[in-house]
Amino acid sequence: MRLLILGGSEFLGRALVDDALTRGWDVTVLNRGRNEPPPGATVLHGDRTAPDGLRALGGGAWDAVVDTWSWAPSAVRDAARALAGRADRFGYVSSCSVYPLPSPPGTTEDAPVVQGSPDDDRGDDYAKAKHGGELAAAAEFGPDRTLLVRAGLILGPYENVGRLPWWLTRIAEGGRVLAPGPRDLGLQFIDSRDLAAWTLDAIEKPLSGPYNVTSAPARTTMRELLEACIRVTGADAQLVWTDPERILDTGIEPWTELPAWLPPGELYDSLYRVNVDRALATGLRCRPVDETVADTWAWLRTIGGRAPQRPDRPSPGLPREKETRLLES
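So, a few notes on the structure that sits alongside this text.

Cut-offs used in this document
Residues numbered from 1 in each chain as written. Predicted model: local features only at pLDDT ≥ 70, side-chain atom pairs only at ≥ 80, totals over all residues. Heavy atoms only, no water. Axes fitted to C-alpha atoms, helices over the stretch in contact; angles between N-to-C directions. Helix = DSSP H or I, 4+ residues; strand = E, 2+ residues; numbered from the N terminus. Parallel < 35°, antiparallel > 145°, perpendicular 65-115°, else oblique. Left-handed = near helix turned anticlockwise from the far one by under 90°. Contact = heavy atoms within 4.5 Å. Nonpolar A, V, L, I, M, F, W, Y, C, P; charged D, E, K, R; others polar. 1 Å grid on protein atoms, 1.4 Å probe; cavity = no way out; pocket = protein on both sides within 12 Å on 5 of 7 lines; lining within 4 Å. Points joined across faces, edges and corners; volume = space filled by probe spheres on them.

To continue, consider the packing of helix α4 (residues 163-172) against helix α6 (residues 222-233). It is the contact of α4 with α6, at a shortest axis distance of 9 Å, that shows an interaxial angle of 55°. The pairing of α4 with α6 is recorded here as oblique in orientation. Judged by the twist between their axes, the crossing of α4 over α6 is right-handed. Two secondary-structure elements touch here, α4 through L164, W167, L168, I171 and A172 and α6 through M222, L225, L226, C229, I230, V232 and T233. Tallied by class, residues from the contact of α4 with α6 come to 11 nonpolar, one polar and no charged.

Written out as structure tokens, the structure reads:
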């Protein structure tokens with residue numbers, strides 16, 4: 001399989017390259033050269049936002065393309081248009097965020113989605129940008145040759161958003177740690193390596209159309225996630241479980257200041273109770289939370305304990321003084 005990955009040096013893109021190389025595929029990566037992909041891939045450099053950003057692709061041809069782009073849909077449009085006659089299939093990594101908020105529990109791939117445009121050249125709204133990317137890919141390759149991977153929350157080694165790395169770093173510091181309740185609140189996420197494996201399987205089968213790709217709802221819980229962090233770090237940390245109402249009353253922001261946590265309610269139902277029957281029926285496998293946590297901690301230790309941060313995302317996490325103020329109140 002000759003595979004072109006647009007991206008391929010950070011987080012999910014890196015997981016895709018690793019998995020494809022393990023399969024013995026011929027992998028080409030196009031990126032801006034800021035980070036190096038795993039060894040074994042052919043590396044081409046180009047800035048997709050520049051007028052000649054795809055020039056490095058030359059006259060190459062591939063069996064499939066996977067695009068992880070998260071910004072202006074016009075970049076997806078331009079790449080898909082340039083490659084439509086030189087690749088058999090196009091896989092676009094989208095997001096479950098394309099469903100409007102709030103969405104009911106059990107949202108399937110047939111549910112309504114937000115508005116989006118393939119010609120949007122700004123990408124200011126993440127959900128609209130992702131749907132615009134979907135429209136761009138399908139318009140150039142056609143629905144039968146386009147795979148739309150609607151990912152949920154992605155965690156795992158090489159994470160450059162900082163959610164799980166923040167929890168691991170905070171818990172490794174020890175002491176009393178604010179733990180957002182309820183402790184058995186279900187989480188729905190996918191390890192980047194499992195997302196990569198399913199995506200490449202789907203390309204190879206081949207599958208087309210949209211798929212919600214994340215774990216089954218409540219496959220793990222907040223308690224299991226944080227206790228796994230304690231185990232792998234070996235920290236002397238005490239989880240102080242705190243009711244959602246008390247957390248919200250102090251002005252602490254879910255999701256951003258307490259990464260991956262949402263209190264029960266409409267937003268929780270929209271993001272953490274998505275229907276994934278279609279992906280499960282096509283072979284999606286999700287590893288235990290302990291493995292994701294342990295491997296992320298092992299990776300963090302190799303880079304000095306500080307995860308890289310995407311420049312377009314604010315660093316998540318709760319300021320220590322804000323945590324202390326709640327714990328001592």
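What follows deals with the layout of surface pockets. Remark: the empty space left among the atoms is shown by a probe the size of a water molecule rolled over them. Reported here for the second largest pocket is a volume of approximately 300 Å³. With three residues, α4 is the largest single contributor of residues to the lining of the second largest pocket.

The next point concerns unusual backbone geometry. Residue P102 is reached from L101 by a cis peptide bond, and omega for that bond is -5°. The residue P102 is located in the loop between β5 (87-95) and α3 (126-141) in this model. Following G181, the chain continues into P182 via a peptide bond in cis, with omega recorded as -5°. A positive phi angle is found at F11, which is not glycine, with a value near 40°. Here F11 lies in helix α1 (residues 11-22). Although it is not a glycine, W255 sits at a positive phi angle of roughly 75°. Mapped onto the secondary structure, W255 falls in strand β14 (residues 254-255).

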